[in-house]
Amino acid sequence: MKRRSILIGTLLAAALPGLVLAHGPTRQKVTLTTEVAAAPGEVWAAIGHFQDMSWHPAAFATTGDGGNEIDATRVITLGSADGPTIAEILYKFSDEKMSYSYRITEVDVEVLPVTNYSSHLTVKPRDGGGALVEWRGAFYRGYPNNDPPEHLNDAASIAAVSAVYQAGLDALVERFGAPGS
Amino acid sequence: MRARFLISVAGICAATALSADVAYVTCQNGNVLSVIDLDTGTQERWPLPGQPAGIAVSDFGIFTVSPDTKEVRRLDPVSGAEQARATLEGGPNGIALDQLRRRVFVSDWYNARIWVLRAEDLSVVGELETGAAPAGLALSPDGRYLASADRDADQVSIFDAETLMQLARHRVGLRPFGLAFADDGRLFVGNVGSDDMSVLDPLLGPLTTVAVGARPYAVTFAQARAYVSNQYEDTVSVIDMGTLETIAKIAVGEYPEGIDVTSDGASVLVANWFENTLSRIDVSSLTVVEQWETGDGPRAFGAFILPD
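Residue numbers restart at each chain and count upward from 1, following the sequence in its written direction. A letter from A marks each chain and a number from 1 marks each ligand, given out in the order of writing. The predicted origin of the model limits local features to residues at a pLDDT of at least 70 and limits the giving and counting of side-chain atom pairs to 80 or more, whereas totals for whole chains, interfaces and linings rest on all residues.

**What about the overall build of chain A?**
From N to C terminus, chain A includes 3 helices and 7 strands. Secondary structure elements are defined from DSSP: runs of H or I of at least 4 residues count as helices, runs of E of at least 2 residues count as strands, and each element is numbered from the N terminus. Mapped in sequence order, the helices and strands of chain A form the string α-β-α-β-β-β-β-β-β-α. Burial statistics for chain A: of 181 residues in total, 33% are counted as buried. For chain A, long-range pairs separated by at least 24 residues make up 54% of all intrachain contacts whose partners lie at least 6 apart in sequence. For the exposure call, what matters is how many other C-beta atoms sit within 10 Å of a residue's own: 20 or more marks it buried, 12 or fewer exposed, and in between partly exposed, using C-beta atoms placed from the backbone. Two residues form a contact once the distance between their C-beta atoms, set from the backbone, is within 7 Å.

Given below as structure tokens:
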């Protein structure tokens, strides 16, 4: 009985990708920041385009519609041309605040073990010059039911999102340099 | 806050125009309960394991739900001492208290049911069947009805709070999560999947649907207006309960969730999950007039303000 309901859940999730069905009990959050030497405007010019994730080392290609308008969509292909994809939608964008917010609409939990994922990417001025880049996400673990397997539990979701953010932020430090003291 | 409690215990607490309610804010990521005296702003943080979210407060106990460890607790409102604890196998989540009958209801996210517990010792005395993934629970102000938001069934279930018989099931918007009864008996339900709020008569069913903000999470009432926290919009929608028109959207902190009203009806408090703050909205000016830091990840999912 229990096995059957899990199976049905899996089938439903597969049949209706992107729909928000059941999720785990505890929403997780991750905030990572880094500091770079370049001015905020220069950093925002590099990362503040929803249709272009080429600044992130894991992104092979970005395709999408709607530019930086609300409800614009993008599909990021990871690693190589035939790599896995993540589909996302933009729900806030401000050049003035140098910030945008987006949600994942479709991703295989084997690629990124999260559900109900939303995220903000923001560039701020740094005290003493340079820029501060902040990337934050809110999400549930990849396994929506009780007693998750280890690779789909809360800790795995935090580790996976943190790794994505860290790789992106590290690339920005490499590109723009660390600020002097 | 300690001093105030001592005065209360001594029985010489004078009537005052000030609201001296206490907010009990479950902080899910930080595993604490932020206990904030709303008069002085002083705060204690009580350790509360298991990633607590659901809350229901009363003079005879603060009831909390920790979904990660599947535990429900009853804490002393003053000292925080644990008075009872139960482990509920399943996905304990939302919680509501029937003060009259000394019962506690806890929704089971994974097994389409509500546990009925004795408030004194948290022993399970019954189970009620719901639709898939019940989340928010609410008692009507007259004590007649219990309602559950059955998130993945897109419905609410209505029970007789006395007999515990199921009275009705009503289709609402997509993914209902938080819900509350207004003083006039109507039930207001936030639908996170369709960005609107269903308004129902508990027996007759839907009356109308009102558009609110992105991902409406929970609802409360103050002075003939409904206040709805919009998770993805960092706002609270204010709805006139007569016309059901939106009067204002108030900018609050990031990821607003649990929302409740002070006993004098003058303030609405909302917990901002991502930002780790509690915002106080002044209902006459419709602005945020005060903000307190909380522990990490405040949810405050339920009735979290205890009247002084």
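**Some points on the overall build of chain B**
The secondary structure content of chain B amounts to 1 helix and 29 strands. Two things to know: the radius of gyration comes from C-alpha atoms, and the globule rule equals 2.2 Å times the number of residues to the power 0.38. The C-alpha radius of gyration of chain B comes to 18 Å, within 12% of the 19 Å expected for a compact globule of 308 residues. When burial is assessed residue by residue, chain B has 54% of its 308 residues classed as buried. Here the contacts in chain B between residues at least 6 apart in sequence split such that 42% fall between residues at least 24 apart.

**Some details on the sheet that holds strand E23 (residues 246-251) of chain B**
Residue and element names in this part refer to chain B. Strands are labelled as partners when DSSP assigns at least two bridges between them. The strand order E20-E21-E22-E23 describes an open sheet built from 4 strands, whose pairing is antiparallel. Each edge of the open sheet is held by one strand with a lone partner, namely strand E20 (216-222) and E23. Taken pair by pair, the neighbouring strands of this sheet meet at an average axis angle of 20 degrees, ignoring direction. In the sheet, strand E22 (residues 235-240) pairs with E23 via 5 bridges, with the strands oriented antiparallel. Considered in E23, the bridge of Val 238 is made with Ala 248. To obtain an axis, a line is fitted to C-alpha atoms, over the contacting stretch when the element is a helix, and the angle between two such axes runs from 0 to 180 degrees between their N-to-C directions.

**Some remarks on the interface of chain A and chain B**
When the parts come together, some accessible area is lost, and that loss is often what is quoted as the size of the interface. Every contact between the two is made by 11 residues of chain A and, on the other side, 17 residues of chain B. Three classes are used, and their members are as follows: Ala, Val, Leu, Ile, Met, Phe, Trp, Tyr, Cys and Pro are nonpolar, Asp, Glu, Lys and Arg are charged, and the others, Gly among them, are polar. Residues belonging to the side of chain A that touches chain B are distributed by class as follows: 6 nonpolar, 4 polar and 1 charged.

Geometry only, nothing functional implied.
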